[in-house]
Amino acid sequence: TLVSAAALREVTGPLVDLHGQHDHQQLLDTSEHIRLLDVLGDTGPLLTALGRAWGDLQQARDAVEALTMGQREREARLEMARFQLAEIERVSPLAGEDDDLSAERQVLAHAERLQRLVGEAYADLYEEDGAALARLAQVWRRLDEAATLDPGLDPGETRRLVQPLLEDTAIGLQRYLGRLHASPERLQEVENRLAALERLKRRHGPTLADVLVKAGELRATISTLDASSERADELRAALATAERRYREVATRLSTARAAAARALPPRLERELAELAMARTRCTFRLESDLDRPERWTACGTDRGELFLSANPGEPPRPLARIASGGELSRVMLALKTLASTDGAGKTLVFDEVDVGISGRVADAVGRRLRRLGERFQVICITHLPQVAA
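These numbers were taken from a predicted model, which means no experiment stands behind them.

## Topic: the sheet that holds strand β4 (residues 317–318)
Okay, so step 1: The strand order across the open sheet formed by three strands is β2-β3-β4, and the pairing between neighbours is antiparallel. Both edges of this open sheet fall to β2 (281–288) and β4, since each of them pairs with a single strand only.
Okay, so step 2: Strand direction decides the pairing type here: strand β3 (residues 302–309) and β4, joined by two bridges, are antiparallel. Each bridged residue has a counterpart across the sheet, and for Phe307 the counterpart in β4 is Pro318.
Okay, so step 3: Seen against the sheet, helix α2 (residues 31–41) touches β2 and β3 and runs at an angle of roughly 90° to β3.

Structure follows, in C-alpha cells:
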C-alpha cells in the first residue's frame, strides 16, 4: 500500500530511522533543538507524565474559565449545550443500536425470501416425504443390521455425533420460522429509527459511540456552566493543585534536560571530529519559563538552542546563524548517530546526508557511515563516489 513518508516514519519508528536530504534544515528552527535534546537525554517518561499533568491543568483552567466567564457568553454556551443535548435525548440512542437495526432491516426487507428458503430447508431436513432425517434413520437401521455381521460397521459413534446436530438444526429452523414475520409496519419503524440515528451521527458523530460521548460531554458542560458560585473555591483549589503538579513535573524535566545539555556538547564534538570538524566547539543553552505560566506548554517550560564555534578563538554562536549547508548536514548526521546508539538492530536510512560537501569531508562522512554499518543496517542514497565507496 502506498503511504506518505510521514506515515511510514510513524509506523516504523521503532525499527527504522529515516533521515531525508532536507532534514538538516530542521536545525535552523530552534524549537527543534529541545526535541533533539529530549531524544538524546531519553526524557520520554517525563514528557509523558508532563503531558498528563498538562491535560489536567488545561481541564482545570477550562473549568475555572467556564465558571467565571461573562454572564452573556455563559448563557449563550449553556443554551447551545442544552439544545444539542435535547436533540440527542429526544432520540435516546443506545450503544450499538444502529448496527442491530441495520441487521433487523436486512431480515425484514427479505422476510418472504427467508421464509421460503428456511421453510424449504426445514421441509427437506425433517418434514417432507424422503426428508433427510427420515432417510438417515434408514441408514442407521441398515448399518445396525450390517454391524451384526461386521462389528466394524457399527454406526454408534457417528450417530451420536451427527443425529443430535441435525435434530437441533431442524428445531432451530422451526423456531426461526415461528418468529419470522414479514411486517411492512415494523420495517418502516426501523427505517425511521435508522434515519433519526443517522441525523444524529451527521451532527455529532461520525459514529453512534461518538454521539453518546458527545452527550456525556454536553451534560458535563451544562453541569459546569450551571454551577453556582459556591463551586468557585473548589475549582480554583483544583486549579492550584494542577498547577503545582505541572510545576513539579516540569521542574524534574528541566533538571533532566539540563543534565542532557551538559552531556551533549563533548559527545557531539567527538562525533564532529570524525566528520572533519575537529576544531568545533559546542554548547547547549537552556532557559526556563517556569515562572511564566502563560508560556507553559505540553512539552514543558524550557527553551533551548545549540551554539557552535567552528574556528578556534571564536565564541560559540547560534548554529542557525553560522553553519553552512555542509556543516548542518554533518551536525545532523552526528546528532542522528548519537540518538541511534540505544537502538541496536535499527535500520538507518540516510537520503543524501552528504548534501553540500565534497572531497576530504565526503571521505570522512563515508567512513562514519561505514562505522555505523558495523552496528546497524545502513541504507544510504548518495551522489558522491567517496560515500558510496
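Additional details are given in the paragraphs that follow.
## With respect to the pattern of salt bridges
Okay, so step 1: A full pass over the atoms with the stated rule returns 19 salt bridges.
Okay, so step 2: With a shortest N-O distance of 2.9 Å, Arg368 and Glu271 are connected by a salt bridge. One end of the pair, Arg368, is in helix α14 (residues 359–372); the other, Glu271, is in helix α11 (residues 231–273), with 97 residues separating them in the sequence.
Okay, so step 3: Note on Arg368: relative accessible area 6%, which makes it buried.
Okay, so step 4: By relative accessible area, which is 12% here, Glu271 ends up buried.
Okay, so step 5: Glu287 is paired through a salt bridge with Arg303; the nearest N and O atoms lie 3.1 Å apart.

## Some remarks on the packing of helix α9 (residues 184–204) against helix α10 (residues 208–226)
Okay, so step 1: Where α9 contacts α10, the two axes come as close as 9 Å, and the packing angle between them is 65°. Here α9 is positioned roughly perpendicular relative to α10, judged by the angle of their axes. Read as a crossing pair, α9 and α10 show a hand that is left-handed. Residues Leu197, Leu200, Lys201 and His204 of α9 touch α10, and the partners they reach there are Leu208, Asp210, Val211 and Lys214.
Okay, so step 2: Looking at side-chain class alone, the contact of α9 with α10 contains four nonpolar, one polar and three charged residues.

## Concerning a negative patch on the surface
Okay, so step 1: Among the surface-exposed residues, Asp124, Glu127, Glu128 and Asp129 lie close enough to one another that they form a single negatively charged patch.
Okay, so step 2: Assignment of secondary structure puts Glu128 in the loop between α6 (111–127) and α7 (132–149).
Okay, so step 3: The exposure class of Glu128 is partly exposed, given its relative accessible area of 49%.

The rules behind the values
Residue numbers restart at each chain and count upward from 1, following the sequence in its written direction. In view of the model being predicted, local features appear only for residues whose pLDDT reaches at least 70, and side-chain atom pairs are presented and counted only at 80 or more, with totals across whole chains, interfaces and linings using the full set of residues. The basis for the side-chain values is all heavy atoms of the structure; hydrogens and waters are excluded. Any two strands with at least two DSSP bridges between them are considered paired. Each helix corresponds to a stretch of at least 4 residues labelled H or I by DSSP, and each strand to a stretch of at least 2 residues labelled E; elements are numbered beginning at the N terminus. Here, two residues are considered to be in contact whenever any of their heavy atoms come within 4.5 Å of each other. Here, axes are lines fitted to C-alpha atoms. For helices the fit covers the stretch in contact, and angles between N-to-C directions go from 0 to 180 degrees. Put simply, a salt bridge is a Lys or Arg side-chain nitrogen that is within 4 Å of an Asp or Glu carboxyl oxygen. Here the term buried applies to any residue with accessible area under 20% of the maximum for its type, exposed to any over 50%, and partly exposed to those in between, with areas from a 1.4 Å probe on protein chains only. Throughout, the term roughly parallel applies to angles under 35 degrees, roughly antiparallel to angles over 145, roughly perpendicular to angles from 65 to 115, and oblique to all others. For a crossing to be left-handed, the near helix must be turned anticlockwise from the far one by less than a right angle; the clockwise case is right-handed. Note that Gly is not counted as nonpolar here; it falls among the polar residues with everything else outside the nonpolar set of Ala, Val, Leu, Ile, Met, Phe, Trp, Tyr, Cys and Pro and the charged set of Asp, Glu, Lys and Arg. Residues enter patches when their relative accessible area tops 30% and they take part in no salt bridge; the joining distance is 9 Å for like charges and 5 Å for the nonpolar side chains Val, Leu, Ile, Met, Phe, Trp and Tyr. Note that accessible areas follow from Shrake-Rupley with a 1.4 Å probe, and for residues the cover is restricted to the protein chains shown. Asp and Glu count as negative and Lys and Arg as positive, but His and the ends of the chain are not part of the count. For the purpose of locating charges, the reference atoms are NZ of Lys, CZ of Arg, CG of Asp and CD of Glu.

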